[in-house]
Protein chains: 2
Amino acid sequence: MNLSFQDYISIKLHQTDLKLTSYVKAQLQPYNLAPEQNLIMMLLWEKDGMTQNQLAHHLKKDKTNIARMASNLEKKGFIKRNFCTEDRRSLELYLTEEGRELKEQVVPVAEAFNDAVTEGISKEELQELDRLLTKMQNNIEG
Amino acid sequence: MNLSFQDYISIKLHQTDLKLTSYVKAQLQPYNLAPEQNLIMMLLWEKDGMTQNQLAHHLKKDKTNIARMASNLEKKGFIKRNFCTEDRRSLELYLTEEGRELKEQVVPVAEAFNDAVTEGISKEELQELDRLLTKMQNNIEG
DNA sequence: TTCAATTAGTTGCTACATCTACTATCTGAT
DNA sequence: ATCAGATAGTAGATGTAGCAACTAATTGAA
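Starting afresh in each chain, residues are numbered from 1 along the sequence in its written order. A letter from A marks each chain and a number from 1 marks each ligand, given out in the order of writing. Given that this is a predicted model, residues contribute local features only at a pLDDT of at least 70 and side-chain atom pairs are listed and counted only at 80 or more, while totals for whole chains, interfaces and linings are drawn from all residues. Hydrogens and waters are ignored; side-chain quantities use all the structure's heavy atoms.

A. Broad picture of the relation of the copies chain A and chain B. Superposing the copies works by least squares over the C-alpha atoms of residues that have pLDDT at least 70 in both of them. Overlay of chain A on chain B (RMSD 0.1 Å): rotation 180°, translation along the axis 0.0 Å. The operation mapping one copy onto its partner corresponds to a two-fold rotation axis. Closest to the rotation axis within chain A is the C-alpha of L129 of chain A, separated from it by 3.2 Å. The residues that chain A uses at the interface reappear at the interface of chain B in 100% of cases, marking a shared surface. In what follows, a contact means two residues having at least one pair of non-hydrogen atoms within 4.5 Å.

Given below as structure tokens:
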């Protein structure tokens, strides 16, 4: 059948993801937050004191990634990392005052981003999109 | 409204993209091709002798990226880079014999990947998915 | 209780992705 | 003909993404 380049849905998906990521990156730049760093912050704003391991599970990411992003967030002064007393291998992440204050600024940006992306797309269409993405993920499991 | 984490369609999109990319990466590993390197090869299999600049346009990627990936492909022996005679700034990419032979092996892998991803998804659903992705991209233009 | 297996985190490696700044070349207006 | 501005490519920097190999701490079974 000889598919041409544009026919691969995964390529379209990838390009869309890159475009959205680069857009949100620009939106977050003024707050000195990178997109994935922001995801960690969003989880911490909901629940302080999670360990890196827990974050890795929530975000479905490699622990290596989380470690480096957490380290960067600490350097930026948004979080502190303390060794857990019950399990001295684990690092718990706590918001600093600066990190806590960031929430008021960044959450509206995230919601505005979501509104912009989904503009003119109905709830049903979003559900259908979610369903198809889930299906594609399941298709390549195992 | 306070969206929770899973409600952002862009996060789902990102996670799906990562999953697909890591899957295709594993599929291509035996051929010593990374996913994005493979995209360059696919274009060259269609049309030999494109410049890095043309590839960047086709793939909608930064020229820096293309330069580095092309350099890697050259190191692997799949392509040769020759300065264009009409415009000595431009580098034209040509397949080596090894790169040309790779096509027979890799194209079936790419099509099998696409088949796996889209299994159980109808043509209409794929069109709808494509339409929604396009809409999301357009939503954040300008 | 003690030692092997497991677990949390880090370091090093490869591969994107994109920005800025740079070199070399080309083009066009004067 | 010449020089300013545009263009193709490279180098360096930052931020993902995930694998392999490592350390340190914990756990569980003999």
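More follows now that the structure is in view.
B. Summary view of the side chain of E36 of chain B. Strands here mean DSSP runs of E at least two residues long; helices mean DSSP runs of H or I at least four residues long; both are numbered from the N terminus. Tracing the chain through its elements places E36 of chain B in helix α2 (residues 35–46). Looking at E36 of chain B, its side chain comes within polar contact range of the side chain of H14 of chain A, at 2.9 Å. Those residues within four positions of E36 of chain B in sequence are excluded, and the remaining contacts are H14 of chain A together with K61 and M69 of chain B. Whenever a nitrogen or oxygen atom comes within 3.5 Å of another N or O atom, the pair is scored as a polar contact, on the condition that within protein one atom can donate a hydrogen and the other can accept it, and that pairs from neighbouring residues in sequence are kept only if both atoms are in side chains.

C. Main features of the side chain of H14 of chain A. Summarising the element assignment, H14 of chain A is placed in helix α1 (residues 9–28). Every residue in contact with H14 of chain A, bar those within four places of it in the chain, is listed here: D17, T21, E36 and K61 of chain B.

D. Molecular detail of the interface of chain A and chain B. Taken together, the 53 residues of chain A in the interface contact 53 residues of chain B. The rule for a salt bridge is simple: a side-chain nitrogen of Lys or Arg has to be within 4 Å of a carboxyl oxygen of Asp or Glu. Between R131 of chain B and E125 of chain A there is a salt bridge whose closest N-O contact spans 2.6 Å. Inspection of the chain A/chain B interface yields 20 residue pairs in polar contact (both at pLDDT 80 or more). For the side of chain A that touches chain B, the elements supplying multiple residues, two or more each, are α1, α2 (35–46), α5 (97–117) and α6 (123–139) of chain A. Ranked by residue count, the leading element in the side of chain A that touches chain B is α1 of chain A, at 14 residues. The classification used treats Ala, Val, Leu, Ile, Met, Phe, Trp, Tyr, Cys and Pro as nonpolar, Asp, Glu, Lys and Arg as charged, and all other residues, Gly among them, as polar. Its residues placed into classes, the side of chain A that touches chain B shows 25 nonpolar, 13 polar and 15 charged.

E. The protein's contact with DNA strand C, seen in detail. Near DNA strand C there are 28 residues, and of these H14, N53, R89 and L91 of chain A together with R88 of chain B occur at the shortest range. Between N53 of chain A and DNA strand C, the recorded distance is 2.6 Å, taken from a backbone N or O atom to a phosphate oxygen. For the surface near DNA strand C, the secondary structure elements donating two or more residues are α1, α3 (52–59) and α4 (63–75) of chain A together with α2 and α4 (63–75) of chain B. Residue composition of the surface near DNA strand C, grouped by class: 6 nonpolar, 9 polar and 13 charged. Near is defined per residue: the residue qualifies when any heavy atom it owns lies within 4 Å of the molecule or strand.

F. Highlighting helix α6 (residues 123–139) of chain B. Residue and element names in this part refer to chain B. In a regular helix each residue adds 1.5 Å, so 17 residues correspond to 24 Å; α6 covers 24 Å between its end C-alpha atoms and thus fits that length. Along α6, the residues classified as buried are E125, L129, L132, L133, M136 and Q137. Viewed end-on, α6 has its buried residues packed into an arc of 140°, placing them on one side of the element. Seen from the open side of α6, the exposed residues pointing more than 90 degrees away from its buried face are K123, E124 and Q127. Expected span, for any helix, means 1.5 Å times one less than how many residues it has. We call a residue buried when its accessible area falls under 20% of the maximum for its residue type, exposed when it is over 50%, and partly exposed in between, using a 1.4 Å probe and counting protein chains only. It is the directions from the helix axis to the C-beta atoms that the arc portrays.

G. Structural view of α4 of chain A. All names here are of chain A. Taking 1.5 Å of rise per residue, 13 residues should cover 18 Å, and α4 covers 18 Å from first to last C-alpha, within 8% of that figure. Looking only at α4, the buried set comprises I66, M69, A70, S71 and L73. Packing partners of the buried residues in α4 comprise α2, α3, β1 (79–83) and β2 (91–95). Phi for G77, located one or two positions after α4, is positive at around 85°.

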